Amino acid sequence: MVEIDQQQKFQNKIDAEIKIEPKDWMPEAYRKNLIRQISQHAHSEVIGMQPEGNWITRAPSLRRKAILLAKVQDEGGHGLYLYSTAETLGITREEMINALQDGSARYASIFNYPTQTWADVGAIGWLVDGAAIVNQISLQRTSYGPYSRSMVRICKEESFHQRQGYELMLTLSRGSEAQKAMAQDSLNRFYWPSLMMFGPHDTESAHSASSMKWKVKRETNDDLRQKFIDQTAPQIEFLGLQHPDKDLKWNDEKGQFDSGEINWDEFWRVINGDGHCNRQRVQHHINAHKEGAWVREAMASYQQKKKSKAA
Amino acid sequence: MVSDMNEETKQAVLNYTIRLGDDAVVIGHRIAEWCRNAPFLEEDLALSNVALDFIGRARMFYGYAEELADDGRKEDYFAYMRDHREYQNLLIMELPRGDFAYTMVRQLLVDVFNLYYLEQLISSTDETLAAIAGKAIKETRYHLRRSHEWVLRLGLGTDESKIRAQKAVDDIWGFTHELFDLDELEQQMADAGIGVDNRSLQQDWSAKVKSILEEASLIVPEDSWKVKGGREGYHTEYLGQMLNEMQCVHRANPGLEW
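Residues numbered from 1 in each chain as written. Chains lettered and ligands numbered in written order. Predicted model: local features only at pLDDT ≥ 70, side-chain atom pairs only at ≥ 80, totals over all residues. Heavy atoms only, no water.

**Here's the deal with the confidence of the model for chain B**
Next, step 1: Looking at chain B as a whole, its pLDDT mean stands at 97, while 100% of the residues score no less than 70.
Next, step 2: The ipTM for the predicted assembly is 0.97, set against a pTM of 0.96. (pLDDT = per-residue confidence, 0-100.)

Encoded structure:
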């Protein structure tokens, strides 16, 4: 009876748009769902440091090197806020990192694609951060207070990244033939995977129904994807590049673009391990973590010694 | 003021400034290699911060070099179009990042040097160099707080961290002597009140470094080996490899905007 009352109270709050805070009662499934989503989000930020980090040493100007380094650093910072946000739900960062490393927690599958050229740094900033923002703007209204507040902060930085990525693409598109070709190739490789970032169609999405009811998610995968398609089409045109979707057509009646079908086989293939970098990304995380073990131990031991000295 | 300088002085200040840019870009690059490879996420962020300070510092020095050269060579020319034989950074800056102890010990040795160096450069009669030093010294104080603290943690942490830290000190020590050399150009700049007499920094540097190493219960090595040559463009094998990587995109399509 008590449980049912609490369930009802909880849903009433959600319906009344009152944020759920860490000490409030919440259904176990809500807590689990949030931990899954927020930790996946944190892991994505952290694993996302790798593909872009791949170009820090090769950035072709000092200005770009500084911008890229600061960007990758911001991603790490987002990872930190999000780990802390997830910790408010009663899980530790160590547990989350273990889950990432043993494969039981996921990260955004987009980062399993390799960054092959310098233009990929621009395409990721523009398209991948751009897709992430569409999703995260919607998440600013998510029902869990701490998550909603971290989204507000993260969105500000992400939109800055998106502008920088787009500006990089614009510079290449207005540059030499080789630079323009590099930009086009990168757009071709990253456009479809960015559409996949919104997840499967609503009818196929495993977690959508309960997430919508609890207002963890505020808009559906397909609605968010449509927003992104609509905002990206004129941006591609402005760059003077070819749109990778040959079936893209403005639909006057709907007031939005009709677009070609995503290659869902590729989506599932990459998610399930057949991307070029799936193993590499996780292995890199494991290696850096292992190599750092003696440093973390030294730090803990030093703090311990300092404490016992003070006592 | 650049416009008041005679041609000879301008050339000398240019060469002096390029060296300072080289020091900053090379160590900045090395530290940036840690981003996504650090022992924990907070360190990824902190090391990136330090790397960003050095890259920003390089841009300020090269930006001034651009103004002094006044011949169309831009900051990226200095960073990307010169070969390792033309680079004149101090050797200690180009050593690979090694393990975390190696990076932190090198950082301590460099930070203490930068602290005393910049304290002098602030009074340079060259206003631009003095202004850059004024900004850089604030960053360096923060870098030194970090590297000091880390060397203590490593020296006093576990047996393993102590062994690694001591090995780093031993392996890097021979590269510290050239920090206090003065070649003809540097002598000229010091005499003119533009540059710093590095010899005058050695005593303070040694005292400070020794006190920190002792505090960390690490042994100060004997001065039995000395490697020199950075200011003449005579580098270790590491710099050529580092620059190959750093410059490859820029050089594949030279003369373009990025």
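**Section: the packing of aromatic side chains**
Next, step 1: The final tally for this structure, using the stated rule, is 19 aromatic pairs over all chains.
Next, step 2: Judged by centre distance (5.7 Å) and plane angle (85°), the rings of Trp34 of chain B and Phe100 of chain B are edge-to-face. On the criterion of sequence distance, the pair formed by Trp34 of chain B in the loop between α1 (7-32) and α2 (41-69) and Phe100 of chain B in helix α5 (residues 100-121) is long-range, its members being 66 residues apart. Phe100 of chain B matches Trp34 of chain B in its accessibility class, with the two residues each being buried.
Next, step 3: A connected cluster of aromatic rings, assembled from ring pairs, spans Phe113, Tyr117, Trp173, Phe180 and Trp205 of chain B.
Next, step 4: Arg58 of chain A extends its terminal NZ or CZ atom over the ring of Trp55 of chain A, reaching a point 3.6 Å from the ring centre.
Next, step 5: When the ring centre of Tyr87 of chain B is taken as reference, the NZ or CZ atom of Arg82 of chain B above it lies at 4.6 Å. (Phe/Tyr/Trp six-rings, centres within 6.5 Å; stacked < 30°, edge-to-face > 60°. Helix = DSSP H or I, 4+ residues; strand = E, 2+ residues; numbered from the N terminus. Buried < 20%, exposed > 50% of the residue type's maximum accessible area, 1.4 Å probe, protein only. Lys NZ or Arg CZ within 6 Å of the ring centre and 35° of its normal.)

**Description of the environment of Ala183 of chain A**
Residues and elements named next belong to chain A.
Next, step 1: One can find Ala183 in helix α8 (residues 177-196).
Next, step 2: On the basis of relative accessibility, which here comes to 0%, the residue Ala183 falls in the buried class.
Next, step 3: Note: C-alpha distance between Ala183 and Leu239 (56 residues apart in sequence) is 9.4 Å.

**Regarding the pattern of salt bridges**
Side chains that differ in charge, positive against negative, can pair when their charged atoms come close.
Next, step 1: Taken as a whole and assessed by the stated rule, the structure comprises 34 salt bridges over all chains.
Next, step 2: A salt bridge links Arg149 of chain A to Glu21 of chain A; its shortest N-O distance comes to 2.9 Å. Of this pair, Arg149 of chain A sits in helix α7 (residues 145-173) while Glu21 of chain A sits in the loop between α1 (2-15) and α2 (28-47), placing them 128 residues apart in sequence.
Next, step 3: The shortest N-O distance in the salt bridge between Asp185 of chain A and Arg189 of chain A comes to 3.0 Å. Of this pair, Asp185 of chain A and Arg189 of chain A both sit in helix α8, four residues apart, which is roughly one turn of that helix.
Next, step 4: Its relative accessible area of 34% is what places Asp185 of chain A among the partly exposed residues.
Next, step 5: Several salt bridges converge on common partners, so that one network encompasses Arg19, Asp23, Asp183, Glu186 and Arg231 of chain B. (Salt bridge = Lys/Arg side-chain N within 4 Å of Asp/Glu carboxyl O.)

**Points about the packing of α2 of chain A against α7 of chain A**
Residue and element names in this part refer to chain A.
Next, step 1: In contact at an axis separation of 13 Å, α2 and α7 are set at 25° when each is read in the N-to-C sense. When the axis of α2 is compared with that of α7, the two are roughly parallel. Here α2 runs over α7; the crossing is left-handed. Taking contact as the criterion, the partners of Leu34, Gln37, Ile38, His41 and Glu45 in α2 are, on α7, Tyr147, Met151, Ile154 and Glu158.
Next, step 2: When its residues are assigned to classes, the contact of α2 with α7 shows five nonpolar, two polar and two charged. (Axes fitted to C-alpha atoms, helices over the stretch in contact; angles between N-to-C directions. Parallel < 35°, antiparallel > 145°, perpendicular 65-115°, else oblique. Left-handed = near helix turned anticlockwise from the far one by under 90°. Contact = heavy atoms within 4.5 Å. Nonpolar A, V, L, I, M, F, W, Y, C, P; charged D, E, K, R; others polar.)

**A short note on the nonpolar core**
Next, step 1: Membership of the largest hydrophobic core comes to 178 residues, with the highest contact counts inside it found for Tyr30 and Trp118 of chain A together with Ile92 and Trp205 of chain B.
Next, step 2: Apart from residues no more than four positions distant in its own chain, Tyr30 of chain A is found in contact with Phe10, Ile14, Ile20, Ser143, Tyr144, Trp214 and Val216 of chain A. (Core = buried A, V, L, I, M, F, W, Y, C linked by side-chain atoms within 4.5 Å.)

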